[in-house]
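Chain and residue survey
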Amino acid sequence: MLVQVPKNVSKIELWSYTILMPIKIFDQCFIAYNFSHFHAVVLKGFCGGRMFDCRDVAFTVGEGEDHDIPIGIDKALEKMQRGEHCILHIGTQYGFGEAGKHKFGIEPNTELIYEVTLKSFEKAKESWEMDTKEKLEQAAIVKEKGTVYFKEGKYPQAVIQYGKIVSWLEMEYGLSERESKASESLLLAAFLNLAMCYLKLRDYAKAIEYCNKALALDQANEKGLYRRGEARLLMNEFELARCDFQKVLDVNPQNKAAKSQITVCQKKTKEHNDRDRKIYANMFKKFAERDAKEEASKTTEEKGDPASSEIGMEKTVTEGKESEGHL
């Protein structure tokens, strides 16, 4: 073990979607985040027997990448308490990913160990502490941040930014007509962008969920229909996907991508049906062969063995002659 875990120090592993402690990290973290600004965070990063990072740093949750801090640190800090000291075992998905980090000499898809101390933090305002005007202003800002992350291929970070918009505005009521229009526009963009992020992250069920939210606001939204079709196609739901792409064409008959995807759906459906027919044909053939074999075996048993019958008859005749001798 590279880093010895002292007593009274938490050990957190980020290999998958759950931190291995009594806390969940990823199920709804993008929506349920308490967006805090952390101060005096002490980091030590280790990889392959060497320390590659050691510093005090302050950053806003979800924006650690701007400070060359992997997304796994973001997630762990959200669950830490002031003064807590943790050893973080970070899997490739929550480290520097496929890009690696040239600055630190970290190769792509490398597992990392961080020693982290949270000295102090400042909580951001809760949603209920912000008025509608402030929420709309902040939502426009984080939307732009999310777009920057998305363009850089930093999809988990983009999800965090778009998720803030949802957490601020999805349950906002009593808006003026102008505020309602602005809120709906920001929410629609957030839902569509979240769907796109989850497509990139290969979480197709989540992508469909956010497409559905977008389509609840605008049932004829071309992007929402197309992205839901993409997610369904990747989940092998070919007929549902074809229906979505057809709806895209109903909205925009000139959408060449949707036309192409309908062809893909039809091809995939045929391949799937042909494969099923072949599987069932082989299955029925084996059943028929088994039944024929059992029937032949049963017939043989009923007729008996002819040779055995002859021996039996000969034995009976002999016994009869012997009986005659005794008489």
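About the cut-offs
Residues numbered from 1 in each chain as written. Predicted model: local features only at pLDDT ≥ 70, side-chain atom pairs only at ≥ 80, totals over all residues. Heavy atoms only, no water. Buried < 20%, exposed > 50% of the residue type's maximum accessible area, 1.4 Å probe, protein only. Helix = DSSP H or I, 4+ residues; strand = E, 2+ residues; numbered from the N terminus. Pairing = 2+ DSSP bridges. pLDDT = per-residue confidence, 0-100. Contact = heavy atoms within 4.5 Å. Core = buried A, V, L, I, M, F, W, Y, C linked by side-chain atoms within 4.5 Å. Polar contact = N/O pair within 3.5 Å; in protein donor to acceptor, adjacent residues only side chain to side chain. Axes fitted to C-alpha atoms, helices over the stretch in contact; angles between N-to-C directions. Parallel < 35°, antiparallel > 145°, perpendicular 65-115°, else oblique. Left-handed = near helix turned anticlockwise from the far one by under 90°. Nonpolar A, V, L, I, M, F, W, Y, C, P; charged D, E, K, R; others polar. Patch = residues over 30% accessible without salt bridge, like charges linked within 9 Å, V, L, I, M, F, W, Y side chains within 5 Å. Areas by Shrake-Rupley, 256 points an atom, 1.4 Å probe, with all protein chains shown as cover. Salt bridge = Lys/Arg side-chain N within 4 Å of Asp/Glu carboxyl O.

Strand 4 (residues 85-90) sits mainly inside the fold: five of its six residues count as buried. Here six bridges tie strand 4 to strand 5 (residues 112-122), and the two strands are oriented antiparallel to one another. If you follow His85 over to strand 5, its bridge partner there is Thr117.

Let's shift gears to the confidence of the model for the protein chain. As a general rule, the predicted coordinates of low-pLDDT regions are not to be interpreted in detail. For the protein chain, mean pLDDT is 82; residues scoring 70 or higher make up 79% of the total. The low-confidence segment residues 1-35, where pLDDT is below 50, has 93 contacts with residues more than four positions distant or belonging to other chains.

This part is about the nonpolar core. Core analysis: the largest hydrophobic core is formed by 30 residues, its most contacted members being Ile165, Leu169 and Leu194. Breaking this core down by element, the ones donating at least two residues are helix 3 (132-151), helix 4 (155-169), helix 5 (177-200) and helix 6 (204-217). For this core, the element with the highest residue contribution is helix 5, accounting for eleven residues. Leu169 has contacts with Lys135, Leu136, Ala139, Ser183, Leu186 and Leu187, leaving out every residue within four places of it along the chain. With 24 residues, the next largest nonpolar core counts Phe96, Leu112, Leu118 and Ile160 among its residues.

Below, the discussion takes up the environment of Thr110. Locating Thr110 in the fold gives a position in the loop between strand 4 and strand 5. Measuring from C-alpha to C-alpha, the distance between Thr110 and Gly91 comes to 7.4 Å, with 19 residues separating the pair along the chain. Once residues lying within four places of it in the same chain are set aside, the contact partners of Thr110 are Cys47 and Thr92. From its side chain, Thr110 meets the backbone oxygen of Glu107 in a polar contact 2.6 Å long.

What follows covers the packing of helix 3 against helix 4. Taken N-terminus to C-terminus, the directions of helix 3 and helix 4 make an angle of 165 degrees; their axes are 8 Å apart at the nearest point. The pairing of helix 3 with helix 4 is recorded here as roughly antiparallel in orientation. Where helix 3 crosses over helix 4, the two elements pack in a sense that is left-handed. Counted together, Lys135, Leu136, Gln138, Ala139, Val142, Lys143, Lys145, Gly146, Thr147, Tyr149 and Phe150 of helix 3 and Tyr155, Gln157, Ala158, Gln161, Tyr162, Lys164, Ile165, Trp168 and Leu169 of helix 4 form the full contact between these two elements. Of the residues belonging to the contact of helix 3 with helix 4, the class tally is eleven nonpolar, five polar and four charged.

Attention now moves to the side chain of Asp244. Relative to the helices and strands, Asp244 resides in helix 8 (residues 238-251). Among the polar contacts listed, one links the side chain of Asp244 to the side chain of Arg228, at a separation of 2.8 Å. For Asp244, the residues in contact, after removing those within four places along its chain, are Leu225, Arg228, Gly229 and Arg232.

Here the focus is unusual backbone geometry. Residues other than glycine seldom take positive phi values, yet Asp68 does so here, at roughly 60 degrees. Its place among the elements puts Asp68 in the loop between strand 3 (50-60) and helix 2 (71-78). Unlike most non-glycine residues, Arg202 shows phi in positive territory, near 65 degrees. Positionally, Arg202 belongs in the loop between helix 5 and helix 6. The class for Arg202 is exposed, based on a relative accessible area of 67%.

Together, Ile279, Tyr280, Met283, Phe284 and Phe287 make up an exposed nonpolar region whose accessible area comes to about 490 Å². You can see Phe287 is positioned in helix 9 (residues 256-303).

Attention now goes to the packing of helix 4 against helix 5. In the contact formed by helix 4 and helix 5, the axes pass within 9 Å of each other and the chain directions differ by 150 degrees. One finds that helix 4 runs roughly antiparallel with respect to helix 5. As for how helix 4 packs across helix 5, the hand of that crossing is left-handed. Contacts from Tyr155, Ala158, Val159, Tyr162, Gly163, Ile165, Val166 and Leu169 of helix 4 reach helix 5 at Ser183, Leu186, Leu187, Ala190, Phe191, Asn193, Leu194, Cys197, Tyr198 and Lys200. Across the contact of helix 4 with helix 5, the residue classes tally to 14 nonpolar, three polar and one charged.

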